[in-house]
Amino acid sequence: MVVQKMTSSRIIFQRGLHGANKKLDSLIRVNHAGELGADRIYAGQMAVLGNSSVGPKIKHMWEQEKVHRNKFEQLITQNRVRPSLLFPLWHCAGYVLGAGTALMGPKAAMACTVAVETVIVEHYNDQLRDLMDDPEADKELLETIKKFRDEEQEHHDCGIDHGAEQAPFYDALTKVIKTGCKVAIEVAKRV
């Protein structure tokens, strides 16, 4: 049984009689799927642009994403959360998105980074608001998400600094990627 508590306009889910916490499970599942996707995006970008002038920046962002992915893999195990059933899709789609935009050039790869990280920063901010509204929220999880959110913002800013907005069809490209990311988030929360 899951007990719901209203706080301002948000519903906070607390552990019920059997220890289930669907909201926490969903948060861990979606973040795990997202960090897997981000890891694969940067892997795809590195495969194409690793030896280019933006290679070191992509490598730095990828290394941070690996840490994020590993942390959520740890939380999946620790909290006995079922990973997204679409794990293979996130794996392949992330790589194809990263490599595909990199094949369009470094600026398009950076536009991809800006689009993805814009959505992820908003997503993490929403989660942080929910966690801060819950007096029983896991403080370590809260700090982890804050740190990762700040690093995702750093990736966004790096993309801007490296010419993302000069990518061909920047507005259309980022709009499509943002929409895809938002759909993926909603699906990964549940599936």
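As a convention, each chain's residues are numbered from 1 in the sequence order in which they are written. Side-chain atom pairs in this predicted model are given and counted only at pLDDT of 80 or more, local residue features only at pLDDT of at least 70, and totals for whole chains, interfaces and linings cover all residues. Calculated side-chain values reflect all of the structure's heavy atoms, with hydrogen atoms and water omitted.

Caption draft 1: Local environment of the UniProt feature "binding site: Fe cation 2" (unreviewed entry) in the chain. UniProt positions are given in the numbering used here, feature names are shortened, and annotations may be inferred rather than shown by experiment. Here the UniProt feature "binding site: Fe cation 2" (unreviewed entry) sits at Glu-65, Glu-117, Glu-152 and His-155. Judged by maximum C-alpha separation, these annotated positions cover 91 residues in sequence but sit close together in space, the widest gap being only 11.4 Å. Structurally, Glu-65 can be placed in helix α2 (residues 55-78). The classification of residues rests on relative accessible area computed with a 1.4 Å probe and restricted to protein chains. Under 20% of the type maximum is buried, over 50% is exposed, and intermediate values are partly exposed. Its relative accessible area of 0% is what places Glu-65 among the buried residues. Here, two residues are considered to be in contact whenever any of their heavy atoms come within 4.5 Å of each other. Here Glu-65 is in contact with Glu-35, Ala-38, Asp-39, Tyr-42, Glu-117, Glu-152 and His-155, once residues within four sequence places are set aside. According to the relative accessible area criterion, Glu-152 is buried, its value standing at 1%. Engagement of the side chain of Glu-152 in a polar contact is seen with the side chain of His-68, the distance being 3.1 Å. Secondary structure follows DSSP: runs of H or I at least 4 residues long count as helices, runs of E at least 2 residues long count as strands, and numbering of each begins at the N terminus. Polar contacts here mean pairs of N or O atoms no more than 3.5 Å apart (in protein, one a potential hydrogen donor and the other a potential acceptor; neighbouring residues in sequence count only if both atoms are side-chain atoms).

Caption draft 2: Molecular detail of the environment of Gly-105. Turning to its location among the elements, Gly-105 is positioned in the loop between α3 (87-103) and α4 (106-133). Note on Gly-105: relative accessible area 15%, which makes it buried. Sequence separation between Gly-105 and Ala-167 is 62 residues; the distance between their C-alpha atoms is 8.1 Å.

Caption draft 3: Main features of the packing of aromatic side chains. When the centres of two rings from Phe, Tyr and Trp lie within 6.5 Å, Trp using its six-membered ring, the rings pair. Their planes under 30 degrees apart give stacked, over 60 give edge-to-face, and anything left gives tilted. What the rule picks out here adds up to 1 aromatic pair. Each ring, one from Phe-72 and one from Phe-148, has its centre 6.0 Å from the other, and the planes form 65 degrees; the classification is edge-to-face. Of this pair, Phe-72 sits in helix α2 while Phe-148 is found in helix α5 (residues 139-161), placing the two residues 76 residues apart along the sequence. Any Lys NZ or Arg CZ found within 6 Å of a ring centre and within 35 degrees of that ring's normal is scored as a charge over the ring. Directly above the aromatic system of Trp-62 lies the positively charged group of Lys-66, at a separation of 4.0 Å from the ring centroid.

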